[in-house]
Amino acid sequence: GGGGACACMCACVRACVGACMWYGLSSGLPMVGPKPGYPGMWLAVGFGYGIIHGGGIGRYLAQWMKNGYPPYDLTEADPARYGSWADDTQYVMNKARESYGMNNSYGYVKEERKGGRPTQRAGPLYSALKERGAQFGFKVGFEVPLWFERPGDESGYKPSFHRTNWFNPVGRESKLVREAVGVMDLSSFATFKVAGPDAHTFLSYVFANKIPKAKGRSCLAHMLMPNGRVMSEMTVTCTATEGDSGGAEYMLTTGGGSELHDVSLHQPSPVQVHVLLPTFHQTFPSL
């Protein structure tokens, strides 16, 4: 009774600790999972309200570490979604301010945020496309042309819950591609080569699908987890056969945000192959 009350009355605050809320990631989402290039290093950082996520994220990582694969898909929080294009202090500062400023804002469908853009990964066609009226969206560091302005169109990013300013231009371009032909800039897609004397054997081991052997042939292929779930989907194209002077070679194409994630699944390989990553200065148009 009385003794307890006295103890409470005599208690005092020994220290005050001010913890920071994290808004340093460009997407506003955390990084959860293994860090590419650092075997055995796991990340769970970038949470704006960290303690709230502790139980779920702790369980998620524990199951991943135990089983060797994630229990469910959290691609949007994959640390591998950031490449060297994000190693820019000014870019990070701009995105941190933007993320904090948008913390309590409502979002639009097809939302675009302008902070820190364009990045150093804008691409070799950026200026040429911009001169032709391209209106850009952001995708893993790239400025991707979403639609092209014509005389009479309202340029810029004007989101809406009804009809946006790009509704009619996109309809116009869709009709053009259906009835004639169009060229798309697919530079934001990730592509890399697998080459070596055991390239076909290796890809047949990695993917669940039949890998083409004839030059110029392609297939859509899936890498699976041990439990049979799809881990990654790629387009595999044979660019050289075993009979060519340089040996067999394949070009693999995947989503831009999956580049580091997918290439890490190919290393280390059980056979003699070389995985070659492209540079940011390559352009891939599609007809």
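Quick caveat, the model's predicted, so the values are computed rather than measured. (Residues numbered from 1 in each chain as written. Predicted model: local features only at pLDDT ≥ 70, side-chain atom pairs only at ≥ 80, totals over all residues. Heavy atoms only, no water.)

Caption draft 1: Region of interest: the overall build of the chain. In terms of helices and strands, the chain carries 7 helices and 11 strands. Taken across its 287 residues, the chain has 34% of its residues classed as buried. Of all intrachain contacts in the chain linking residues separated by at least 6 positions in sequence, the fraction that spans at least 24 positions is 52%. With an accessible surface of roughly 17,800 Å², the chain has 57% of that area assigned to carbon and sulfur atoms. (Helix = DSSP H or I, 4+ residues; strand = E, 2+ residues; numbered from the N terminus. Buried < 20%, exposed > 50% of the residue type's maximum accessible area, 1.4 Å probe, protein only. Contact = heavy atoms within 4.5 Å. Areas by Shrake-Rupley, 256 points an atom, 1.4 Å probe, with all protein chains shown as cover.)

Caption draft 2: How the structure looks around the side chain of Glu98. Along the chain, the position of Glu98 falls in helix 3 (residues 89-101). A relative accessible area of 17% means that Glu98 is categorised as buried. At 3.1 Å, the side chain of Glu98 and the backbone nitrogen of Lys114 are in polar contact. Residues within four places of Glu98 in sequence aside, it is in contact with Arg113, Lys114 and Gly115. (Polar contact = N/O pair within 3.5 Å; in protein donor to acceptor, adjacent residues only side chain to side chain.)

Caption draft 3: Just the nonpolar core, in detail. The biggest cluster of nonpolar side chains holds 18 residues, and the ones touching the most others in it are Leu203, Phe207, Ile211, Val236, Tyr250 and Leu252. Elements with a minimum of two residues in this core: strand 6 (190-195), helix 6 (199-206), strand 7 (218-224), strand 8 (230-240) and strand 9 (249-254). At 4 residues, the largest contribution of residues to this core is made by helix 6. For Ile211, the residues in contact, after removing those within four places along its chain, are His200, Leu203, Ser204, Cys219, Ala221, Val236 and Tyr250. Grouped together as the second largest cluster of nonpolar side chains are 7 residues, Ile57, Tyr60, Trp64 and Ala77 included. (Core = buried A, V, L, I, M, F, W, Y, C linked by side-chain atoms within 4.5 Å.)

Caption draft 4: Summary view of a nonpolar patch on the surface. On the surface, Tyr49, Ile51 and Ile52 cluster together into a nonpolar patch covering about 390 Å² of accessible area. Mapping Ile52 onto the fold places it in helix 2 (residues 50-67). The class of Ile52 is exposed, set by a relative accessible area of 66%. (Patch = residues over 30% accessible without salt bridge, like charges linked within 9 Å, V, L, I, M, F, W, Y side chains within 5 Å. Salt bridge = Lys/Arg side-chain N within 4 Å of Asp/Glu carboxyl O.)

Caption draft 5: A look at the pattern of salt bridges. What the rule picks out here adds up to 8 salt bridges. When the shortest N-O distance is used, the salt bridge between Lys95 and Glu98 registers 2.6 Å. Within this pair, Lys95 and its partner Glu98 are both found in helix 3, separated by 3 residues, close to a single helical turn. For Lys193, the salt bridge is made with Glu249, and the minimal N-O distance between the two is 3.9 Å. Here Lys193, found in strand 6, pairs with Glu249, found in strand 9; they are 56 residues apart in sequence, far enough to count as distant. Judged by relative accessible area, Lys193 falls into the partly exposed class, the value being 38%. The network of salt bridges with shared partners includes Glu112, Arg117 and Glu143.

Caption draft 6: Quick look at the pairing of strand 9. In terms of strand pairing, strand 6 meets strand 9 through 6 bridges, oriented antiparallel. In the strand pairing of strand 9, Val194 is matched with Tyr250. The pairing of strand 8 with strand 9 spans 5 bridges and is antiparallel. Following the sheet pairing, Cys238 is matched in strand 9 by Tyr250. (Pairing = 2+ DSSP bridges.)

Caption draft 7: Representation of the packing of aromatic side chains within the structure. Counted by the stated rule, this structure contains 11 aromatic pairs. Consider the rings of Tyr60 and Tyr72, whose centres lie 5.0 Å apart with planes at 45°: the pair is tilted. One end of the pair, Tyr60, is in helix 2; the other, Tyr72, is in the loop between helix 2 and helix 3, and 12 residues separate them in sequence. Residue Tyr60 is classed as buried on the basis of its relative accessible area, which comes to 2%. (Phe/Tyr/Trp six-rings, centres within 6.5 Å; stacked < 30°, edge-to-face > 60°.)

Caption draft 8: Representation of unusual backbone geometry in the model. Here the residue pair Arg117 and Pro118 is connected by a cis peptide bond, since its omega of -5° sits within 30 degrees of zero. Here Pro118 is to be found in the loop between helix 3 and helix 4 (126-131). The residue Lys110 is not glycine, and still its phi comes out positive at about 60°. Locating Lys110 in the fold gives a position in the loop between helix 3 and helix 4.

Caption draft 9: View of the pairing of strand 3 (residues 134-139). Both strand 3 and strand 4 (residues 142-148) contribute to a ladder of 6 bridges, which runs antiparallel. Residue pairing across strands places Lys139 opposite Phe142, the latter belonging to strand 4. What sits between the antiparallel neighbours strand 3 and strand 4 is a turn of 2 residues, in which Val140 has the positive phi angle 40°.

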